[in-house]
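Below, each chain spelled out in residue letters.
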Amino acid sequence: MLPSYSMANKFYEPGEHRAFRVQDLFATVAPRYDLVNDLQSFGLHRYWKKSLIRLAQVRPGERALDLCCGTGDVAFILAGRGARVVGLDFSAPMLAVARKRSRSRTTPLASSISPQFLCGDAMKIPFSDGSFDIVTIAYGLRNLASLEQGLREMWRVARPGGRLVVLDFGKPDNAFWRRLYFGYLRRLVPLLGWAFCGDSQTHAYILESLQNYPAQHG
Ligand SMILES: C[S@@+](CC[C@H](N)C(=O)[O-])C[C@H]1O[C@@H](n2cnc3c(N)ncnc32)[C@H](O)[C@@H]1O
């Protein structure tokens, strides 16, 4: 489907059906997710993910949960720092890419520290209270039906004194930069969805979901 800038996005549906639409979205983009991520961010998402890991202050042997892990980028970096990592996501096609990447890594991690990829809901995390030293979520919180429930669950499964780290799109304070950035997300990024995933709405979704997500200052 070609870009349309006015119609409501079929992948964005607030309320109880949100998760189904989000699953449809990631089933559509999974095979090309990593490629489009590199193109739309000019590779910068790799740098931002490393910044997230720096903030997490990982120590070898710590237990880390990467929520909405997708194709596994953050889980692999955490594991590379020596953490014992679980990557959780509710999209089987995204997890299939993560597992394939795990099997085909050119510099395999020792099996004891390879991330374990599990299918599950970030709104109802299948672990008991205080199970993790670190809980991360990259570009995931914005996709949940309830931001508050997602944060509550992160808090619950982190041990007292553990670290919760969230990475997502921001909204520039400066009016000029905000206009430019939203213009880029509105006009150009959907073209990548159209060209690589066969549907511009897959990537028009980013702006739609961002407009309904708090900016970095609330
Ligand atoms: C934009 S991708 C981010 C993937 C990865 N964290 C990254 O930074 O590349 C968002 C991911 O969140 C997952 N997701 C969305 N809502 C979820 C939920 N309620 N529970 C588990 N995973 C969810 C999607 O399936 C998708 O893989």
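Conventions and cut-offs
- Per chain, residue numbering runs from 1 following the sequence as it is written.
- Two thresholds apply to this predicted model, a pLDDT of at least 70 for residue-level local features and 80 or more for giving and counting side-chain atom pairs, whereas whole-chain, interface and lining totals are computed over all residues.
- Note that the side-chain values use all heavy atoms of the structure and ignore hydrogens as well as water.
- Axes here mean lines fitted to C-alpha atoms, for a helix over just the part in contact, with angles spanning 0 to 180 degrees between N-to-C directions.
- We count a stretch as a helix when DSSP gives it H or I for four or more residues in a row; a strand needs E for two or more, and each element gets its number in order from the N terminus.
- Roughly parallel refers to an angle under 35 degrees, roughly antiparallel to one over 145, roughly perpendicular to one between 65 and 115, and oblique to any angle outside these ranges.
- Crossing chirality is assigned from the near helix's rotation relative to the far helix, an anticlockwise turn below a right angle marking it left-handed and a clockwise turn marking it right-handed.
- It only takes one pair of heavy atoms within 4.5 Å for two residues to be counted as in contact.
- Under this grouping Gly is polar, as are all residues other than the nonpolar Ala, Val, Leu, Ile, Met, Phe, Trp, Tyr, Cys and Pro and the charged Asp, Glu, Lys and Arg.
- Criterion for a salt bridge: a side-chain nitrogen of Lys or Arg within 4 Å of a carboxyl oxygen of Asp or Glu.
- A 1.4 Å probe rolled over the protein chains alone gives each residue an accessible area, and that area as a share of the maximum for its type sets the label: buried under 20%, exposed over 50%, partly exposed in between.
- A cutoff of 4 Å decides nearness: a residue is near a molecule or strand if any of its heavy atoms lies inside that distance of it.
- Any pair of nitrogen or oxygen atoms within 3.5 Å is treated as a polar contact; in protein, a donor-acceptor pairing is required on top of that, and neighbouring residues in sequence qualify only through side-chain atoms on both sides.
- How far each domain reaches was decided by an automatic or database domain assignment.

**Q** I'd love a proper account of the packing of helix α2 (residues 33-41) against helix α7 (residues 175-197), names of residues and values included.
**A** The N-to-C vectors of α2 and α7 enclose an angle of 150 degrees; their axes lie 11 Å apart at closest approach. By the angle between their directions, the pair α2 and α7 is classed as roughly antiparallel. In this structure, α2 crosses over α7, and the sense of that crossing is right-handed. Across the interface between the two elements, L35, V36, L39 and Q40 from α2 touch Y184, V189, L192, F196 and C197 from α7. Broken down by class, the residue content of the contact of α2 with α7 amounts to 8 nonpolar, 1 polar and no charged.

**Q** I'd like to hear about the pattern of salt bridges, residue by residue, with values.
**A** One side chain can pair with another of opposite charge once the charged atoms of both are near each other. If you walk through the whole model with that rule in mind, you get 14 salt bridges. Across the pair D38 and R46 runs a salt bridge whose closest N-O atoms are separated by 2.8 Å. Judged by its relative accessible area of 23%, D38 falls in the partly exposed class. What makes R46 partly exposed here is its relative accessible area of 48%. D133 is paired through a salt bridge with R159; the nearest N and O atoms lie 2.6 Å apart. Of the two residues, D133 sits in strand β4 (residues 132-138) while R159 sits in strand β5 (residues 158-167), which places them 26 residues apart along the sequence. Look at D133 and you get buried, because its relative accessible area is 8%. Residue class for R159 comes out partly exposed when judged on its relative accessible area of 24%. Each of D34, K49, D73 and R101 takes part in salt bridges that share partners, so that together they form one network.

**Q** Can you explain the site of the ligand? Please cite residues and give values.
**A** The environment of the ligand is formed by 20 residues, the closest being C68, D89, D121, A122 and A138. Contact distances for the ligand include 3.0 Å between an oxygen atom and a side-chain N or O atom of Y33. Between the ligand and A122, the relevant distance is 2.8 Å, taken from a nitrogen atom to a main-chain nitrogen or oxygen of the residue. Put simply, the parts of the chain that give the shell around the ligand at least two residues each are α1 (18-29) and α2. When the residues that make up the shell around the ligand are grouped by side-chain class, the tally is 12 nonpolar, 5 polar and 3 charged. Two domains each provide a minimum of three residues to the shell around the ligand, namely domain 1 (18-39 + 175-211) and domain 2 (54-167).

**Q** Any details on the environment of K124? Residues and values, ideally.
**A** Along the polypeptide, K124 turns up in the loop between β3 (116-119) and β4. Along the sequence, K124 and G198 sit 74 residues apart, while their C-alpha atoms lie 32 Å from each other.

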